[in-house]
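Summary of structural features
Below, each chain spelled out in residue letters.
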Amino acid sequence: MSEQEAWPIKIIRSKKRKKTVSAELKNGELVVRAPARMSKKELNGIIEKLQKRLQNKMGHTPKTDEDLEAIAQQLNETYFNGRLQWQSIRYVTNQNKRFGSCTPSLGTIRISHRLATMPDWVLKYVVVHELAHLEESNHGPNFWALVNQYPLTERARGYLMAIGLEEDAPN
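Calculation criteria
Residues numbered from 1 in each chain as written. Predicted model: local features only at pLDDT ≥ 70, side-chain atom pairs only at ≥ 80, totals over all residues. Heavy atoms only, no water. Helix = DSSP H or I, 4+ residues; strand = E, 2+ residues; numbered from the N terminus. Buried < 20%, exposed > 50% of the residue type's maximum accessible area, 1.4 Å probe, protein only. Contact = heavy atoms within 4.5 Å. Pairing = 2+ DSSP bridges. Axes fitted to C-alpha atoms, helices over the stretch in contact; angles between N-to-C directions. Expected span 1.5 Å × (residues − 1). Arc of directions from axis to C-beta.

Once that is clear, we can look at the overall build of the protein chain. Scanning the protein chain from N- to C-terminus turns up 5 helices and 6 strands. Buried residues in the protein chain amount to 43% of all 171 residues. In the protein chain, the proportion of contacts linking residues at least 24 apart, taken out of those at least 6 apart, comes to 46%.

Overall, mixed pairing links the 3 strands, which are arranged β1-β3-β2 in an open sheet. A single partner strand is all that each edge strand has here, and the edge strands are β1 (9-14) and β2 (22-26). With strand direction ignored, the average angle separating the axes of adjacent strands in the sheet is 20°.

Time to look at helix α2 (residues 65-80). Helical geometry note: an α-helix holds 3.6 residues per turn, so side chains three or four residues apart project in the same direction. A rise of 1.5 Å per residue sets the reference length of α2, with its 16 residues, at 22 Å; its end C-alpha atoms lie 21 Å apart and thus fit the reference within 8%. For α2, the complete set of buried residues consists of Leu-68, Ile-71, Ala-72, Leu-75, Asn-76, Tyr-79 and Phe-80. Within α2, the buried residues cover an arc of 140° as seen down the axis, which keeps them to one side. Exposed positions of α2 whose direction lies more than 90 degrees from the buried face are Glu-66 and Glu-77. Of the surrounding secondary structure, the elements contacted by the buried residues of α2 are β4 (88-92), β6 (108-112), α3 (120-132) and α4 (141-147). Just past α2, the residue Asn-81 takes up positive phi, approximately 55°.

Written as structure tokens, this is what we have:
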């Protein structure tokens, strides 16, 4: 994926803005606010720079389904001694209220596309969470014991709670 394709872009032009352009990531979309009079060519150059800055700040560019598979394999080896098996792990665009889901009986794991723009350690937490469901389908103590092997679990949960999307906290 090229840097220009990193995130969907929503441009909001304003007659009140005279010179400044701002950008923020909101629900996986880059929202750009720009002056109404700014040319498309000038704005495109600024957007490209803003995207690069955001990608550098986040430490990565969005990942592919193949990258997800490699991450899952590595996490399986590290935290589950390589014992887990699944049929597929992929990004999906229809999960807006959760970050991942797993169907243990089918061995399928789906990860929200929104995670592709989040820090790696948050993505890895969600993958570990969904991998743990291959052994424990509920969110009981055994499940959380598996998930808590990942050392950044608490930090990642806090990050997701701060953006208002983490659910199913343990008791």
